[in-house]
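Inside the fold
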Amino acid sequence: MVGAPDTLLTSLPLMEDFYTIQGEGAYQGHAAYFVRLGGCDVGCVWCDVKESWDASGFPPVSVEEITRKVTFSGATVAVITGGEPLMYDLTALTQSLRRAGIRTHLETSGVYPLTGSWDWICFSPKKFKAPHPSIFEKADELKIVVYNASDFDWAEQFVQEVGDKCVCFLQPEWSREQEMLPAIIAYVKANPKWKISLQIHKYMNIP
Ligand code: SF4
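Report follows, based on the coordinates.

Reading the values: rules and limits
Residues numbered from 1 in each chain as written. Predicted model: local features only at pLDDT ≥ 70, side-chain atom pairs only at ≥ 80, totals over all residues. Heavy atoms only, no water. Helix = DSSP H or I, 4+ residues; strand = E, 2+ residues; numbered from the N terminus. Rg over C-alpha atoms; globule rule 2.2 N^0.38 Å. Buried < 20%, exposed > 50% of the residue type's maximum accessible area, 1.4 Å probe, protein only. Contact = heavy atoms within 4.5 Å. Areas by Shrake-Rupley, 256 points an atom, 1.4 Å probe, with all protein chains shown as cover. Patch = residues over 30% accessible without salt bridge, like charges linked within 9 Å, V, L, I, M, F, W, Y side chains within 5 Å. Salt bridge = Lys/Arg side-chain N within 4 Å of Asp/Glu carboxyl O. Pairing = 2+ DSSP bridges. Right-handed = clockwise from strand over helix to strand, strands pointing away.

1. A short note on the overall build of the protein chain
Broken down by element type, the protein chain carries five helices and nine strands. Of the regular secondary structure in the protein chain, the N- to C-terminal order runs β-β-β-α-β-α-β-β-β-α-β-α-β-α. Computed over the C-alpha atoms, the radius of gyration of the protein chain is 17 Å, within 12% of the 17 Å expected from 2.2 N^0.38 for a compact globule of 207 residues. Structurally, the protein chain occupies a C-alpha span of about 45 × 35 × 30 Å along its principal axes. Taking all 207 residues of the protein chain together, the buried fraction comes to 54%. Once local pairs closer than 6 in sequence are excluded, the contacts in the protein chain between residues at least 24 apart make up 63%. Taken as a whole, the protein chain presents about 9700 Å² of accessible surface, with 55% of it coming from carbon and sulfur.

What follows is the structure, encoded as C-alpha cells:
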C-alpha cells in the first residue's frame with residue numbers, strides 16, 4: 001500500500017477528521033485538526049480504534065480536499081494519525097498542508113518507512129510489530145503506552161535508539177490508568193528522563 005517512489009499518493013482513505021484539542025504528549029492542550037487514515041496491521045490487543053484496521057471501508061479523499069478542510073477549520077496544526085498512517089506515502093499530503101501554512105504532526109507506530117515532511121513526529125512503538133529503523137533518528141517524541149509493568153523494560157530499548165533531543169513519555173493505557181499510574185509515577189521519579197502523558201481529551205469528553 002506504500003506508494004511507488006516515482007508516484008505521489010494524492011488521495012488517502014480518510015476514516016474521520018475533526019478539530020479538537022491534542023490530548024496527549026508534547027502538544028497536549030494545543031488545538032489541532034486530526035486526520036485519521038484507515039488501515040492498520042499492527043494488531044494491538046488494547047487498540048481503541050479497531051474499526052480503523054480495514055481501510056476498504058473508507059473511500060479515498062484527495063489531499064487537496066483534506067487540506068481544504070483543515071484550512072477551513074482555522075487550525076494551524078494537523079495531526080495525521082490512524083490506523084497506521086505510514087502505510088501510505090504521505091509526501092503529497094504533507095506538502096499540500098505545508099503549502100497552506102499548516103504545521104504537520106505525525107502519530108505513528110513506525111512500522112513502515114517514514115515518508116512526508118514533518119514539523120513534529122510522535123513515535124509510539126508497539127510490542128505487536130517491530131518498528132522500521134528509519135523512524136528512530138527522526139522522532140521528536142517517544143510515547144510508550146504502558147499496559148503492564150513489563151512495559152518499562154521494553155520501553156528502555158527505544159531510549160537508546162532515538163536522538164538525544166527526543167522527548168520521552170510514558171502513558172498509561174486508558175483502561176489500565178488507575179491500576180498503572182502509581183507504578184508509572186514511581187518509575188518516572190526514579191528515571192526522570194521520562195515524563196507522564198495522560199489522555200486529557202478523555203477527561204474533557206472530546207474526541
Ligand atoms: S498501531 Fe494504533 S491503530 Fe494500529 S492496532 Fe495499534 S493502537 Fe490500533
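2. Re a nonpolar patch on the surface
Together, Trp174, Tyr203 and Met204 make up a nonpolar patch on the protein surface, roughly 310 Å² of accessible area in all. Tracing the backbone through its elements, the reader meets Tyr203 in helix 5 (residues 200–203).

3. As for the pairing of strand 4 (residues 77–81)
For strand 4, the tally of buried residues reaches five of five residues, placing the bulk of the element in the interior. As judged from the four bridges shared by strand 2 (residues 31–37) and strand 4, these two strands associate in the parallel manner. Bridged to Phe34 within strand 4 is Val79. The sheet contact formed by strand 4 and strand 5 (residues 103–108) spans four bridges and is parallel. Across the sheet, Ile80 pairs through a bridge with Leu106, a residue of strand 5. You can see the chain leave strand 4, run along helix 2 (residues 91–99) and come back into strand 5, and the turn it takes is right-handed.

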